[in-house]
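# Structural overview for review
As a plain string of letters, each chain reads:
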Amino acid sequence: MAQHTRKGAQFQAVTANRLADGIVVYLTADAQWSESLQDAAVAEGKEAAEALLAKAAPAVEDNLVVEPYLFEVVREDSGIRAASVRETIRQAGPTVRLDLGKQAELSGVHS
Amino acid sequence: MYRYDEFDQQIVNERVAQFRGQVARRLSGELTEDEFKPLRLMNGVYLQLHAYMLRIAIPYGTLSSRQLRMLAHLGRKYDRGYGHFTTRQNLQFNWPALKDMPDLLAELATVEMHAIQTSGNCIRNVTSDQYAGAAKNEIEDPRIVSEIIRQWSTFHPEFSFLPRKFKIAVSGTPDDRAAIRVHDIGIQIVQDAKGNIGYEVYVGGGLGRTPMIGKKLTDFVPKEDLLAYLEAVMRVYNMYGRRDNMYKSRIKILVHEIGAEEMKRQVDAEFAELKKAGTLHLPLEEVARIEAYFRPPAFEDLPNESTELNKAVLADPDFANWVKSNIAEHKVPGYAIVNISLKPIGGVPGDCTSDQMDAVADIAEKYSFDELRVTHEQNLTLAHVRKKDLHAVYEALKKHDLATANINLITDQIACPGLDYCALANARSIPIAQRISERFADIARQHEIGELKINNSGCINACGHHHVGHIGILGVDKKGVEYYQVTLGGAADEKTAIGEIVGPAFTEGEIVDAIEKIVNTYLGIRTEGERFIDTYRRVGIEPFKENLYAAH
């Protein structure tokens, strides 16, 4: 699988696409999947991140999501931010169509 | 245009039914993602950044109004009310759900369309010239041979698991609008001294991370031997193309590594064997049968000059600008080729709403024999419009924001979906095209600059054809930040060239100024009548480089 996170990233979250419709989802602390990055469980350090990723496995087995992976996030007062441009766009929607995607549907989306 | 026979319809229907079963088994868990992925890709279904993407084949870029109306309908019902026309003359939907895909494909099949050969390591949907059947200097309508290749290549068992994808393009005129020299196989229709029509064949062209210009392997393949020749090329590739390294698996690498002469020797040997067997000898009556589908429509006898047109040009300066840039000469007196720009100022290149699709379908039905074309430069073409109807067509297009007068001008840019949609992209490409479009919005300035093709790609895979843009822009990722590398001097026509990198990459904030500097450099040094590409070929990269990096 492609690497979407930086080596040595301090904070990471787990994302995937929902199998039935492909929508981007985030793994939450209670092992559910949310469409909002703001609901994501954030792991600190490598070991915690790997443990978090392991919690995604049952949803893959149960055919709920596909291709879960870790990505770097930043914790801010205003909430969780994706560190890369790619993940920022995934949690929001196309920057060229602000009327589409999560940016048009959810609160807490950042640009 | 071509109409499905019972076999075509049956295989498409059966394919939909088969995929319906595969989707159901994936959703129920009978199939794992690893098992399902190659199956969905064989049906044009990708998983992109935000959702699934469906790529629909538009064979050689030709569509009927009925088919376009269906695409509009599918966009509304299963997507977000729009689609994206690509550099492969295909249409992509960006948001369909996997669970809806079988129903979507079943509706699509009712208008003789599908998503087969739009993904995977097979011979992909054949592309061709949008002016087919209308161009003045056309030797033969390229859709005839394109359709024959489609029938030969679809589900060809020997070529279903090639080392990598394989793209074929056909041009029927010496002016190449199909970029044939940057395809795995490029076919140029030619005529010999005795008037026989045959095919010049280029092999091993391509863009991506290793751009190459195709090598001419033969000057003339007779009509009846074309499939045997293509099969010979495919066999050599299938046998010797690399499967150990996906970055070296395209035929261009094979041709480069063994050399064009050795490639030709091997192809000729296979060709001789295939001819001996005779099974791929193309009966001329079969060619005639296909040809009949592409017979010219019932053109009227018209004077070449249209007083209605001349009057409207004088009365309406905006229309005059549109005529100047968007209209091309037609082979029949009194007719014109209309190019519909899908590049409104500040818009997304290639995007078209369902409402716009319906509008174009109506206009094509009323004014252009009920059919239209998709171009590899992400525009649409009405191939046969009476000159006296041009103003009415323009007015109808204008109502739907489809009358932008910029074909072949600086704002008529190619852009791949880039990081706004694509899972492979490293950087965004659409916003760069939009900012450039806005900077050069002034129509007088665009005409002053003249023909200039800017191509934008969001990664090295080069779906935005940046290597062959007169100015190419490649988005790269440097430690999570988008940068843009500029190439100059590329071309995708009969004088195909790969652009040269001008220097260090620019940030998102710098790139539009850099493009403007390049354009101003050209304006400062061009001679009378010189297009950007002509000036570049005369002076080379240095003057551009000097001006661009002078302050650095």
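Residues numbered from 1 in each chain as written. Chains lettered and ligands numbered in written order. Predicted model: local features only at pLDDT ≥ 70, side-chain atom pairs only at ≥ 80, totals over all residues. Heavy atoms only, no water.

Attention now moves to the overall build of chain A. Along its length, chain A carries three helices and six strands. Listed N to C, the secondary structure of chain A is β-β-β-β-α-α-β-β-α in terms of helices and strands. Radius of gyration (C-alpha) of chain A: 13 Å, near the 13 Å computed for a compact globule of 111 residues. For chain A, the spread of C-alpha atoms along the principal axes amounts to about 35 × 30 × 25 Å. Across the 111 residues of chain A, 50% fall into the buried class. Of all intrachain contacts in chain A linking residues separated by at least 6 positions in sequence, the fraction that spans at least 24 positions is 55%. Carbon together with sulfur atoms contributes 50% to the accessible area of chain A, which is approximately 5400 Å² in total. Both charge centroids of chain A, one from 11 positive and one from 16 negative side chains, sit 5 Å from each other. (Helix = DSSP H or I, 4+ residues; strand = E, 2+ residues; numbered from the N terminus. Rg over C-alpha atoms; globule rule 2.2 N^0.38 Å. Buried < 20%, exposed > 50% of the residue type's maximum accessible area, 1.4 Å probe, protein only. Contact = heavy atoms within 4.5 Å. Areas by Shrake-Rupley, 256 points an atom, 1.4 Å probe, with all protein chains shown as cover. Lys, Arg positive; Asp, Glu negative; His and termini not counted. Charge placed at Lys NZ, Arg CZ, Asp CG, Glu CD.)

Moving on, we get to the nonpolar core. All names here are of chain B. Residues Leu71, Ile149, Trp152, Ile185, Met263, Trp322 and Val338 are the most contacted members of the largest nonpolar core, which totals 108 residues. The dominant element in this core, judged by the number of residues it contributes, is helix α6 (residues 226–240), at ten residues. Among residues more than four places away in sequence, those in contact with Leu71 are Ile56, Ile58, Leu63, Leu91, Phe93, Leu108, Met113 and Met357. Residues Ile471, Leu488, Ala514 and Ile518 belong to the second largest nonpolar core, which totals 28 residues. (Core = buried A, V, L, I, M, F, W, Y, C linked by side-chain atoms within 4.5 Å.)

Here the focus is helix α18 (residues 542–549) of chain B. Residues and elements named next belong to chain B. Within α18, burial applies to Phe544, Leu548 and Tyr549. The arc enclosing the buried residues of α18, seen along the axis, measures out at 100 degrees, which places them on a common side. Those residues of α18 hidden inside the fold are in contact with β19 (481–488), β21 (506–507), α16 (508–525) and α17 (532–539). (Arc of directions from axis to C-beta.)

Right, let's get into the domain arrangement of chain B. Residues and elements named next belong to chain B. Domain boundaries assigned for chain B yield domain 1 (6–109), domain 2 (134–293), domain 3 (307–398) and domain 4 (414–549). Centre-to-centre separation of domain 1 and domain 3, based on C-alpha positions: 29 Å. Residue-level contacts link 21 residues of domain 1 with 24 residues of domain 3. Interface of domain 1 and domain 3: buried area, both sides summed, is about 1900 Å²; carbon and sulfur atoms make up 53% of it. On the domain 1 side of the interface with domain 3, the three residues burying the most area are Leu68, Arg69 and Phe85, jointly 31% of the side's total. Joining domain 1 to domain 3, the criterion identifies four salt bridges. Ionic pairing is found between Arg69 and Glu365, a salt bridge with its closest N-O pair at 2.7 Å. For the side of domain 1 that touches domain 3, the secondary-structure elements that each account for two or more residues are β3 (62–64), α3 (65–78) and β4 (82–85). With seven residues, α3 is the largest single contributor of residues to the side of domain 1 that touches domain 3. (Domains from an automatic or database assignment. Buried area = accessible area lost by both parts, 1.4 Å probe. Salt bridge = Lys/Arg side-chain N within 4 Å of Asp/Glu carboxyl O.)

Looking now at the interface of chain B and chain A. Accessible area lost when the parts come together is the quantity often used to give the size of an interface. The interface of chain B with chain A comprises 31 residues on the first partner and 23 residues on the second. Buried surface at the junction of chain B and chain A, summed over both partners, amounts to about 2200 Å²; 60% is from carbon and sulfur atoms. Broken down residue by residue, the surface that chain B buries against chain A is led by Leu49(B), His50(B) and Arg80(B), which jointly contribute 23%. Inspection of the region where chain B meets chain A yields two salt bridges. A salt bridge links Glu67(A) to Lys37(B); its shortest N-O distance comes to 4.0 Å. The interface formed by chain B and chain A holds eight residue pairs in polar contact (both at pLDDT 80 or more) in total. Among the secondary structure elements, those contributing two or more residues to the side of chain B that touches chain A are α1 (6–28), α2 (33–41) and α14 (430–439) of chain B. (Polar contact = N/O pair within 3.5 Å; in protein donor to acceptor, adjacent residues only side chain to side chain.)

Here we take up the pairing of strand β17 (residues 454–457) of chain B. All names here are of chain B. Burial along β17 is two-sided: the face carrying Ile454 and Asn456 and the face carrying Asn455 and Ser457 are both buried. Where strand β16 (residues 414–415) meets β17, two bridges bridge the pair, whose relative direction is parallel. Bridged to Ile414 within β17 is Asn455. Judged from the four bridges that link them, β17 and strand β18 (residues 471–478) form a sheet pairing that is parallel. Counted as the bridge partner of Asn455 is Gly472 from β18. (Pairing = 2+ DSSP bridges.)

With that settled, consider helix α13 (residues 390–398) of chain B. All names here are of chain B. Among the residues of α13, those classed as buried are Leu390, Val393, Tyr394, Ala396 and Leu397. Along the axis of α13, the buried positions cluster into a sector of 165 degrees, meaning they face one direction only. At its buried positions, α13 is contacted by α10 (307–315), α11 (317–326), β11 (327–329), β12 (335–340), α12 (354–367) and β15 (380–386).

Let's shift gears to the environment of Asn90(B). Residues and elements named next belong to chain B. Within the secondary structure, Asn90 sits in the loop between β4 and β5 (91–93). When its relative accessible area of 2% is taken as the criterion, Asn90 is described as buried. Distance from Asn90 to Glu451, taken between C-alpha atoms, is 25 Å for residues 361 residues apart in sequence. Once residues lying within four places of it in the same chain are set aside, the contact partners of Asn90 are Arg55, Ile56, Ala57, Ile58, His84, Phe85, Thr118 and Asn125.

Time to look at unusual backbone geometry. Residues and elements named next belong to chain A. The backbone phi angle of Ala31 is positive, close to 60 degrees, even though this residue is not glycine. By secondary structure assignment, the location of Ala31 is in the loop between β2 (24–27) and β3 (33–34). The class of Ala31 is partly exposed, set by a relative accessible area of 35%. Positive phi, close to 50 degrees, is recorded for Glu67, a residue that is not glycine.

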